[in-house]
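Tertiary structure, described
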Amino acid sequence: MKINLTQNTQTTGNGWNYGIPGGGEPLVKIKTHANEREYKFGNWNVRGYAAKEAEINGILSSRNIDFAVMSETKKKGSGTIESGNYIVIYSGVDKKTRAAGGVMLHIHNKHRENIDSYNIWHERIVSARMRLKKDFLTIIGVYAPEEGREEQSEEFYEQLQRAVQAVNPEDKLVIAGDLNAQVGDKRVKTVTGMYGTEGMNTNGKRLIDFCTFNGLRIMNTFYQHKKDHKMTWSNTRGQSSMIDHFIANENAAKKFLDVRTYRGLEIGTDHHFVQG
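The structure reproduced in this document is the subject of the present report. Bear in mind that the values here come from a model prediction, so they are computed numbers and not experimental data. (Residues numbered from 1 in each chain as written. Predicted model: local features only at pLDDT ≥ 70, side-chain atom pairs only at ≥ 80, totals over all residues. Heavy atoms only, no water.)

Quick notes on the packing of helix H2 (residues 150-165) against helix H3 (residues 202-214)
- Following both chains from N to C, one finds H2 and H3 inclined at 20°, their axes separated by 12 Å at the closest point. Here H2 lies roughly parallel to H3, going by the angle between them. Here H2 and H3 pass one another in a crossing that is right-handed. Counting all contacts with H2, which are made through Glu150, Ser153, Glu154, Tyr157, Leu160, Gln161 and Val164, the residues of H3 involved are Thr202, Asn203, Arg206, Leu207, Phe210, Phe213 and Asn214.
- In terms of residue class, the contact of H2 with H3 is made up of 6 nonpolar, 5 polar and 3 charged. (Axes fitted to C-alpha atoms, helices over the stretch in contact; angles between N-to-C directions. Helix = DSSP H or I, 4+ residues; strand = E, 2+ residues; numbered from the N terminus. Parallel < 35°, antiparallel > 145°, perpendicular 65-115°, else oblique. Left-handed = near helix turned anticlockwise from the far one by under 90°. Contact = heavy atoms within 4.5 Å. Nonpolar A, V, L, I, M, F, W, Y, C, P; charged D, E, K, R; others polar.)

Some thoughts on helix H1 (residues 53-62)
- Along H1, the residues that are buried comprise Ile56, Asn57, Ile59 and Leu60. The buried residues of H1 occupy an angular sector of 160° when projected down its axis, which confines them to one face. Structural note: H1 exposes Ala54 and Ser62 on the side pointing more than 90 degrees away from its buried face.
- Asn64 sits one or two residues past H1 and shows a positive phi near 55°. (Buried < 20%, exposed > 50% of the residue type's maximum accessible area, 1.4 Å probe, protein only. Arc of directions from axis to C-beta.)

Some words on the packing of aromatic side chains
- Within the structure shown, the criterion is met by 7 aromatic pairs.
- An angle of 90° between the planes, with centres 5.7 Å apart, marks the rings of Phe41 and Phe246 as edge-to-face. Of this pair, Phe41 sits in strand S4 (residues 38-45) while Phe246 sits in strand S16 (residues 244-249), placing them 205 residues apart in sequence. Each member of the pair, Phe41 as well as Phe246, is classed as buried.
- Ring pairs connect the aromatic residues Tyr39, Phe41, Phe67, Phe246 and Phe256, which therefore count as one cluster.
- The side chain of Arg129 reaches across the aromatic face of Phe136, ending 3.7 Å from its centre. (Phe/Tyr/Trp six-rings, centres within 6.5 Å; stacked < 30°, edge-to-face > 60°. Lys NZ or Arg CZ within 6 Å of the ring centre and 35° of its normal.)

Focus on the side chain of Asn235
- Following the sequence through the fold, Asn235 ends up in the loop between strand S14 (233-234) and strand S15 (240-241).
- Among the polar contacts made by the side chain of Asn235, one reaches the side chain of Gln239 at a distance of 2.6 Å. (Polar contact = N/O pair within 3.5 Å; in protein donor to acceptor, adjacent residues only side chain to side chain.)

Some points on the sheet that holds strand S11 (residues 136-143)
- What the 6 strands build is an open sheet, ordered S9-S10-S11-S12-S16-S13; its pairing is mixed. Strand pairing shows two members of the sheet lacking a second neighbour, strand S9 (115-122) and strand S13 (216-218), which therefore form its edges. This sheet shows a mean twist of 15° between the axes of neighbouring strands, independent of strand direction.
- Looking at chain direction, S9 and strand S10 (residues 125-131) are connected through 6 bridges and run antiparallel. Within the sheet, the bridge partner assigned to Ile120 lies in S10 and is Val126.
- Across the sheet, H2 lies against S9, S10, S11 and strand S12 (172-178), angled at about 175° from S11, the strand it touches most.
- Of the strands in this sheet, S13 and S16 are in contact with H3, which crosses S13 at around 145°. (Pairing = 2+ DSSP bridges.)

Looking at a negative patch on the surface
- A cluster of acidic residues, Glu151, Glu154, Glu155 and Glu158, forms a negative patch at the surface.
- With respect to the helices, strands and loops of the structure, Glu151 is situated in helix H2.
- Looking at Glu151, the relative accessible area reads 70%, which means it is exposed. (Patch = residues over 30% accessible without salt bridge, like charges linked within 9 Å, V, L, I, M, F, W, Y side chains within 5 Å. Areas by Shrake-Rupley, 256 points an atom, 1.4 Å probe, with all protein chains shown as cover. Salt bridge = Lys/Arg side-chain N within 4 Å of Asp/Glu carboxyl O. Lys, Arg positive; Asp, Glu negative; His and termini not counted. Charge placed at Lys NZ, Arg CZ, Asp CG, Glu CD.)

Some words on the pairing of S16
- For S16, the buried fraction is high: 6 of the 6 residues fall into the buried class.
- When S13 meets S16, the two strands line up antiparallel, connected through 3 bridges. Its bridge partner being in S16, Leu216 is matched across the sheet by Asn249.

Topic: the environment of Gly177
- Of note, Gly177 is situated in strand S12.
- In this structure, the C-alpha to C-alpha distance between Gly177 and Asp244, residues 67 residues apart in sequence, is 5.6 Å.
- The contact partners of Gly177, leaving out residues within four places of it in the chain, are Asn43, Val69, Val142, Ile243, Asp244 and His245.

Looking at unusual backbone geometry
- The residue Arg47 is not glycine, and still its phi comes out positive at about 55°.
- Along the chain, Arg47 turns up in the loop between S4 and H1.
- With a phi close to 60°, Lys74 is a non-glycine residue in the positive phi region.
- Its location among the elements puts Lys74 in the loop between strand S5 (67-71) and strand S6 (78-83).

A short note on the pattern of salt bridges
- Here the structure, examined in full by the defined rule, presents 13 salt bridges.
- In this structure, the salt-bridge partner of Asp171 is Arg129, at a minimum N-O distance of 2.7 Å. Linking Asp171 in the loop between H2 and S12 with Arg129 in strand S10, this pair joins segments that are 42 residues apart in sequence. The pair formed by Asp171 and Arg129 is uniform in burial state, with each residue classed as buried.
- The partner of Asp209 in a salt bridge is Lys205, with the nearest N and O atoms 3.3 Å apart. In this pair, Asp209 and Lys205 are both assigned in helix H3, 4 residues apart and thus about one turn of the helix distant.
- Owing to a relative accessible area of 48%, Lys205 belongs among the partly exposed residues under this scheme.
- Here the residues in one salt-bridge network are Asp116, Arg129, Arg131 and Asp171, joined through shared partners.

Below, the structure written as structure tokens:
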């Protein structure tokens, strides 16, 4: 079922809608200063959404998730739907194109009246601005191109930069999704913590540069956990990496409690659910 929400957009020459400044898988808990309420966030590369919709909604509901980003959904087009207990803002490839990529932002129905606005920036980027008791929270859901796709990556980060620049600087900002970025285990002042994982790829360096420029922190790297609780992707050959991230500005970062991965939830994807 489609729903009506307020979309704050302006259209540019390439046909995508970009947000108006000031408007508007990992799972973590974040508190707001208003009443120290915990908000639970989810982030999961689901490798296709349609056949798994009911199962995903059941998992989110059973875990009392407030906001969740689903990447590689393979849902075409863009817009809003209502699915189970969630309002879903989605974006993907053109309906005439073969299904690929795609991102969704799930917002629990109990927060319906707190949705200030939403934006669809790109087939890989969506956002929503939520009214809290005393301030605002902007959530940006993303699915970055895979390693080695330089032209697509440049376009993606150009549009992500537009989305970040449109955020009111007083807002709490959380970016979540599959960034396909290995950021290594070396501490980068204000950007990464002491608990990253070994290995860095080109996407990881690009993400660190992006976060440095925008004053953002990669929150997965700030919490000490055993290796299995850090890695967000693994395969049957024993390879694993941390590529699905939670990123926050200073206003939001200081409210985070934890970020970690749980492997007990299986829906036919090689990515793992992350929970705080």
